[in-house]
Amino acid sequence: KAVKAARGNRREVVGKMLETIRTSLRAAGITATVSGREKTLFSIYRKMTEKHLSFAQVLDIYGFRILVDDVDGCYRALGVLHRLYKPIPGKFKDYIAIPKANGYQSLHTKLIGPYGTPLEVQIRTQAMHRTAEAGVASHWLYKDANHHAIAQAQRETQGWLQSLLEIQTESGDSA
């Protein structure tokens, strides 16, 4: 009932926000691909139970992703969004300046959209998106179409892993 009351006509809400974001980015001279979605009922339920949240505390019922050409575009797009919708204090993460240990990079911001609707936006470059979607290895495999270089990288990685196994075996024998 809470979801139904909060979202109204969800396609209309997502559609309006998508168009507003696209228009605002274009007006700022930022070339971007923008996509959006509504979190499923099961995802909302799972987040509420796993994190012990009330429905009102789930701030990413609507999620949007903005893909731009370069890092400067990420921060410029963030500025556009923060002028467009009110940022929620303490709900901004800069994984570009401080990447996660696995190499993930993106800007995450939570905002109050139209009708008081909370939304989350992820902003990243195309290269960051490839890494996020397919892992760290995908980035260098994608950039390097030279099959010889890929085979060489695979051999080097295999050699490195083999040396780790040897070190581990030697350490186990002496203990």
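To start, this report covers the structure provided alongside it.

The rules behind these values
Residues numbered from 1 in each chain as written. Predicted model: local features only at pLDDT ≥ 70, side-chain atom pairs only at ≥ 80, totals over all residues. Heavy atoms only, no water. Buried < 20%, exposed > 50% of the residue type's maximum accessible area, 1.4 Å probe, protein only. Helix = DSSP H or I, 4+ residues; strand = E, 2+ residues; numbered from the N terminus. Pairing = 2+ DSSP bridges. Patch = residues over 30% accessible without salt bridge, like charges linked within 9 Å, V, L, I, M, F, W, Y side chains within 5 Å. Areas by Shrake-Rupley, 256 points an atom, 1.4 Å probe, with all protein chains shown as cover. Salt bridge = Lys/Arg side-chain N within 4 Å of Asp/Glu carboxyl O. Core = buried A, V, L, I, M, F, W, Y, C linked by side-chain atoms within 4.5 Å. Contact = heavy atoms within 4.5 Å.

What follows is about the pairing of strand β2 (residues 62-68). Burial analysis of β2 places six of its seven residues in the buried class, which makes it a mostly covered element. In the sheet, strand β1 (residues 32-38) pairs with β2 via seven bridges, with the strands oriented antiparallel. Looking at β2, one finds that Glu-38 is bridged to Tyr-62. As paired strands, β2 and strand β5 (residues 118-125) are joined by seven bridges and run parallel to one another. Paired with Val-68 across the two strands is Thr-125, which belongs to β5.

Together, Trp-160, Leu-164 and Ile-167 line one region of the surface with nonpolar side chains, adding up to about 330 Å² of accessible area. Counting through the fold element by element, Trp-160 comes out in helix α7 (residues 147-174).

Here the focus is the nonpolar core. In terms of nonpolar packing, the biggest core is built from 28 residues, with Ile-21, Leu-25, Tyr-62, Phe-64, Ile-66, Val-121 and Ile-123 touching the most fellow members. Residue assignment for this core shows that the elements contributing at least two residues are α2 (10-27), β2, α4 (71-84), β4 (107-112) and β5. Counting residues per element, this core draws most heavily on α2, at six residues. Discounting chain neighbours no more than four positions away, the residues touching Leu-25 are Ile-30, Ala-32, Val-34, Ile-66, Ala-77 and Val-80.

Note that side chains of opposite charge can pair when their charged atoms are close. With the rule as written, the count across this model stands at one salt bridge. Of the charged contacts in the structure, one is a salt bridge between Arg-65 and Glu-133, with a shortest N-O distance of 4.0 Å. On the criterion of sequence distance, the pair formed by Arg-65 in strand β2 and Glu-133 in helix α5 (residues 126-134) is long-range, its members being 68 residues apart. With a relative accessible area of 25%, Arg-65 lands in the partly exposed category. Exposure remark for Glu-133: the relative accessible area of 52% places this residue in the exposed category.

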